[in-house]
Structures are given as C-alpha cells and as structure tokens.
Amino acid sequence: MTEKDFIPQPYSAVVEEGEVTWQSPSNIALVKYWGKLENQLPANPSISFTLNNCRTTTTLKFQKREKSDSGFDFELLFEGEKKDSFRPKIQEFLKRVEPFLPFLKDYKFRIETSNSFPHSSGIASSASGMSALSLCLMSLEKQLDPEMKEDYFIRKSSFLARLGSGSACRSIEGDLVVWGMHNSIYQSSDLYGVPYRGEVHDNFKNYRDTILLVDKGEKQVSSTLGHGLMNDHPYAETRFRQAHDNLDKLKKIFRSGDLEGFIKIVESEALTLHAMMMTSQPYFLLMKPNTLAIINKVFEFRQETGLHLCFTLDAGANVHLLYPDSEKEETLMFIKTDLSKYCQGEQYIEDHVGNGAKKLA
Ligand code: PMV
C-alpha cells in the first residue's frame with residue numbers, strides 16, 4: 001500500500017453527531033526505532049511487544065458544525081480536566097492527518113482521555129494516546145463510509161497513529177508488531193505497523209514486563225529531538241543496518257524459543273539506543289544512577305539463579321524488566337525485595353504482553 005491508498009473517496013453516508021470510545025495500550029520495543037526521515041518514516045525497522053495494562057482510554061464526541069471555517073474545532077479533557085498544554089500536539093496531529101481525513105473541519109470534537117498508569121510516571125503516553133485517538137477518528141470515518149473493510153480500518157488507524165508519534169503505530173494490534181520495511185518480514189511497511197506472522201515459541205507467550213519507575217519527571221530531551229540527532233550521527237548507518245540484522249536474528253529466536261539469544265539482542269538494543277544518545281552532537285544522557293544500579297542487579301540475578309530476566313529501556317531512565325511467564329514468581333519476588341528500592345516511591349507497574357486496542361461499548 002502507498003500513502004495515496006489512505007486518501008478516501010467521497011463519503012456515502014451523512015453523520016450528524018455521535019461518540020466513540022477506544023482503549024489502546026502502550027508497547028515496548030525489542031528492536032528500537034531511533035532516527036527518522038521526513039513524514040515520520042522510520043530510518044530502520046523495529047519490533048515491539050504490545051502491552052496490556054498500560055493503556056489510554058479516549059472518548060471522541062463529535063457534532064457536525066453549521067459551517068466549517070478554516071480551523072479545527074476541538075476541546076480536550078485529560079482525566080476530566082481541560083488540558084491546554086496538550087493542545088499544540090493535537091492541533092499538529094490533526095493538521096498532519098487532515099489530507100487523509102478530509103472531514104475533520106466539518107465537526108466540533110470533544111476529546112476525553114485518561115491513562116491507566118499514574119500521571120507523570122515518566123511512561124510515555126504518546127503511543128497509547130495517539131493510537132487511541134486515531135482509532136476514534138477511524139470509527140467516525142467508518143460511519144461515513146460503512147463499506148470500509150476491517151483490514152483497511154486497522155491499517156489506516158496504524159498509519160494515522162504513526163503520523164502522531166512513530167511508535168504509536170505499533171499499539172493497534174498485538175502481540176508482536178513490526179514497523180518498518182524489512183526484507184524477510186512479510187508485509188512489513190514504513191507506513192504502518194503489522195502483526196508479526198512468523199512462528200513464535202511458547203516461551204514468548206504472555207511474556208511479562210514490569211516497569212520500574214526510576215524517574216517520574218518530564219524527559220529532558222524529547223524523542224523528536226533525539227530522532228533528529230541521528231541525521232548527522234557518525235554511527236547512524238551501522239546502527240540502522242544492525243537493526244535489520246537483529247530482526248533477522250530475533251526471527252530465529254522466536255521460532256526456537258532461545259531465551260538466552262533473546263536476552264542478548266534485547267539488552268544490546270537498549271544499550272545501543274542509549275549509546276546513540278551519548279554519541280550524538282549535542283550528546284545527552286537519560287539513564288540515572290538507579291537505572292545502572294538496576295541493570296547491574298539484573299546481571300547478578302541472572303548469574304545466581306540461571307533465570308531469564310532481562311532489561312530494556314526506552315527514551316528515559318525507567319527500566320522495563322522482561323521475563324517469561326513461567327518464571328514470574330521468583331522474578332517478582334526479586335523485584336519486590338531487591339529492586340523496588342531503586343524506584344521513586346518504590347513504584348513499579350506489572351504488565352504483560354497483550355492483544356492490542358479495544359473498542360468499548
Ligand atoms: O514514537 P517516538 O517518537 O516517541 O519514539 C520512540 C522511540 C523509542 O521508544 C526510544 C524506541 C521505540 O521503538 O519505541
């Protein structure tokens with residue numbers, strides 16, 4: 001599919017008003033997306049586990065306007081309160097998706113959104129938030145075009161979410177999603193995420209992700225800025241090639257169930273992501289002392305127990321701990337007794353792999 005396939009034909013139905021609610025999860029990348037081209041196209045392919053418990057719920061209420069003037073008309077409520085600081089991001093998103101959703105200026109919108117994870121936990125809500133909003137807008141488009149196929153609905157939701165925040169395109173479906181063209185991954189595309197269709201060993205079913213909240217503050221460097229620094233990065237080409245190779249390796253690992261191989265790729269991806277940040281110009285550092293303390297504890301735990309706990313990081317100081325469902329008891333005990341002390345307010349979030357977004361009645 002190309003971008004043009006997402007420009008709709010004139011709509012067949014008339015919709016005066018209504019509302020729709022979607023709940024969409026966050027995701028955690030195993031092979032990281034870091035670096036982008038114009039229009040939010042990724043510089044390399046990535047793959048993620050869709051999460052289950054970390055979710056955004058968004059209700060979109062819409063009402064046809066008497067006449068559509070030049071601007072978008074929307075109200076924004078976050079956890080029940082007006083949130084003007086989010087407006088510029090939504091305004092920019094609507095502008096980007098308008099060529100693909102030509103009805104946007106015909107309606108007055110009220111967007112009500114809330115997260116299942118604690119406010120300002122340092123967990124990026126852009127993936128769950130942008131995917132939930134994209135799904136709501138697609139539900140309206142489906143009312144305008146009742147013949148729309150399910151497949152197109154899903155693809156286009158992911159395509160729109162990508163225009164909001166790259167990694168958001170991996171939050172529509174589960175349980176493993178690939179975004180970005182890769183030679184040996186069926187139907188992979190730079191335009192949207194697709195579910196990974198290869199064979200996946202039972203070892204990876206219901207994989208756990210416990211998120212340790214090391215630093216709940218705002219990020220000092222936005223991911224937009226970080227991606228931009230990959231443009232003149234001295235190691236960029238090597239890194240992008242490595243992401244392709246790591247996906248090839250993961251394909252084999254998913255098939256065989258090789259947990260040690262999985263750990264090697266996932267931890268290396270996390271450290272490479274941060275190494276790219278540390279070697280950008282200007283350079284920056286998002287890990288905190290407790291991030292490193294936790295990583296060292298994970299190494300020790302593995303050495304002592306032979307269990308398969310590993311870590312990954314996104315663009316921040318929090319640590320995602322990944323481990324098989326079959327090892328959850330011992331691992332959770334270790335997290336509680338040994339690792340929670342490195343978290344702000346001893347807070348962590350227990351999550352696991354999920355199946356993607358849900359429409360609520
Ligand atoms: O979607 P963005 O622009 O916030 O970028 C997210 C980048 C990482 O979380 C660091 C990696 C990834 O693939 O999710």
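This is a predicted model, so every value here is computed, not measured. (Residues numbered from 1 in each chain as written. Predicted model: local features only at pLDDT ≥ 70, side-chain atom pairs only at ≥ 80, totals over all residues. Heavy atoms only, no water.)

Comments concerning the side chain of Gln23
- Within the secondary structure, Gln23 sits in strand β1 (residues 17-31).
- Judged by its relative accessible area of 18%, Gln23 is buried.
- Those residues in contact with Gln23 that lie beyond four places of it in its chain are Arg55, Thr56, Thr57, Ala357, Lys358 and Leu360. (Helix = DSSP H or I, 4+ residues; strand = E, 2+ residues; numbered from the N terminus. Buried < 20%, exposed > 50% of the residue type's maximum accessible area, 1.4 Å probe, protein only. Contact = heavy atoms within 4.5 Å.)

Things to note about the domain arrangement of the protein chain
- Segmenting the protein chain into domains produces domain 1 (3-198) and domain 2 (208-352).
- The centre of domain 1, based on its C-alpha atoms, is set 26 Å off from the matching centre of domain 2.
- With 32 residues of domain 1 at the contact, the number on the domain 2 side is 42 residues.
- A combined buried area of about 3100 Å² lies between domain 1 and domain 2, and 67% of that area is made up of carbon and sulfur atoms.
- Of all residues in domain 1, Leu30, Lys32 and Trp34 give up the largest surface area on contact with domain 2, accounting jointly for 27% of the area buried on that side.
- At the boundary of domain 1 with domain 2, the tally comes to 0 salt bridges.
- Where domain 1 packs against domain 2, one counts 13 residue pairs in polar contact (both at pLDDT 80 or more). (Domains from an automatic or database assignment. Buried area = accessible area lost by both parts, 1.4 Å probe. Salt bridge = Lys/Arg side-chain N within 4 Å of Asp/Glu carboxyl O. Polar contact = N/O pair within 3.5 Å; in protein donor to acceptor, adjacent residues only side chain to side chain.)

A short note on the environment of Pro102
- Turning to its location among the elements, Pro102 is positioned in the loop between α1 (87-97) and β5 (107-115).
- Taking the C-alpha atoms as reference points, Pro102 and Ile7, 95 residues apart in sequence, are found 8.4 Å from one another.
- Pro102 has contacts with Pro8 and Tyr11, leaving out every residue within four places of it along the chain.

Thoughts on the pattern of salt bridges
- Per the stated rule, a full pass over the model turns up 17 salt bridges.
- The salt bridge partner of Arg96 is Glu92, with a shortest N-O separation of 3.1 Å. One end of the pair is Arg96 and the other is Glu92, both in helix α1 and 4 residues apart, which spans about a single turn.
- On the basis of relative accessible area, Arg96 is assigned to the partly exposed category, the value being 33%.
- The exposure class assigned to Glu92 is partly exposed, which follows from its relative accessible area of 32%.

Description of the nonpolar core
- Membership of the largest hydrophobic core comes to 76 residues, with the highest contact counts inside it found for Leu30, Ile47, Phe109, Phe254 and Phe262.
- Per-domain counts for this core show at least three residues from each of domain 1 (3-198) and domain 2 (208-352).
- Beyond its immediate sequence surroundings of up to four residues, Phe262 is in contact with Leu30, Phe49, Phe204, Tyr207, Leu250, Ile253, Phe254 and Cys310.
- With 22 residues, the next largest nonpolar core counts Phe311, Tyr323, Phe334 and Leu339 among its residues. (Core = buried A, V, L, I, M, F, W, Y, C linked by side-chain atoms within 4.5 Å.)

Some words on the sheet that holds strand β8 (residues 208-212)
- Taken in spatial order, the 4 strands line up as β9-β10-β8-β11 in an open sheet, and their pairing is antiparallel. In this open sheet, the two strands that pair with only one neighbour each are β9 (310-312) and β11 (348-352). Here the average twist between neighbouring strands, direction ignored, is 25 degrees.
- One ladder, built from 3 bridges, connects β9 with strand β10 (residues 319-323); its direction is antiparallel. Note that in β10 the partner of Thr312 across the bridge is His320.
- Contacts from helix α7 (residues 289-305) reach β8, β9 and β10 within the one sheet, and its direction differs from that of β9 by about 155 degrees. (Pairing = 2+ DSSP bridges. Axes fitted to C-alpha atoms, helices over the stretch in contact; angles between N-to-C directions.)

Some thoughts on the packing of α1 against helix α3 (residues 150-164)
- Where α1 contacts α3, the two axes come as close as 9 Å, and the packing angle between them is 130 degrees. When the axes of α1 and α3 are compared, the pair comes out oblique. When you trace α1 past α3, the crossing you get is right-handed. Contacts between α1 and α3 involve Phe93, Arg96 and Val97 on the former and, on the latter, Leu160, Leu163 and Gly164. (Parallel < 35°, antiparallel > 145°, perpendicular 65-115°, else oblique. Left-handed = near helix turned anticlockwise from the far one by under 90°.)

A look at the packing of aromatic side chains
- This model, assessed by the stated rule, comprises 20 aromatic pairs.
- With 5.6 Å between their ring centres and 25 degrees between their planes, Phe49 and Tyr207 make a pair best called stacked. Separated by 158 residues along the polypeptide, Phe49 in strand β2 (residues 46-64) and Tyr207 in the loop between β7 (193-195) and β8 bring together distant segments of the chain. In terms of burial, Phe49 and Tyr207 fall into one category: buried.
- Clustering of aromatic rings is evident, with ring pairs tying together Phe49, Tyr196, Phe204, Tyr207, Phe254 and Phe262.
- Over the ring of Phe72 we find Lys105; its NZ or CZ atom is 4.9 Å from the centre of that ring. (Phe/Tyr/Trp six-rings, centres within 6.5 Å; stacked < 30°, edge-to-face > 60°. Lys NZ or Arg CZ within 6 Å of the ring centre and 35° of its normal.)

Thoughts on the site of the ligand
- If you check the shell around the ligand, you find 13 residues, and the closest are Tyr33, Ser167, Arg170, Ser223 and His227.
- At a separation of 3.1 Å, an oxygen atom of the ligand approaches a polar side-chain atom of Ser165.
- Ser167 is positioned with one of its side-chain polar atoms (N or O) 2.7 Å from an oxygen atom of the ligand.
- In isolation the ligand exposes 380 Å². Once the protein is present, 91% of that is buried.
- Grouping the constituent residues of the shell around the ligand by class yields 5 nonpolar, 5 polar and 3 charged.
- The residues that make up the shell around the ligand include at least three from each of domain 1 (3-198) and domain 2 (208-352). (Near = heavy atom within 4 Å. Areas by Shrake-Rupley, 256 points an atom, 1.4 Å probe, with all protein chains shown as cover. Nonpolar A, V, L, I, M, F, W, Y, C, P; charged D, E, K, R; others polar.)

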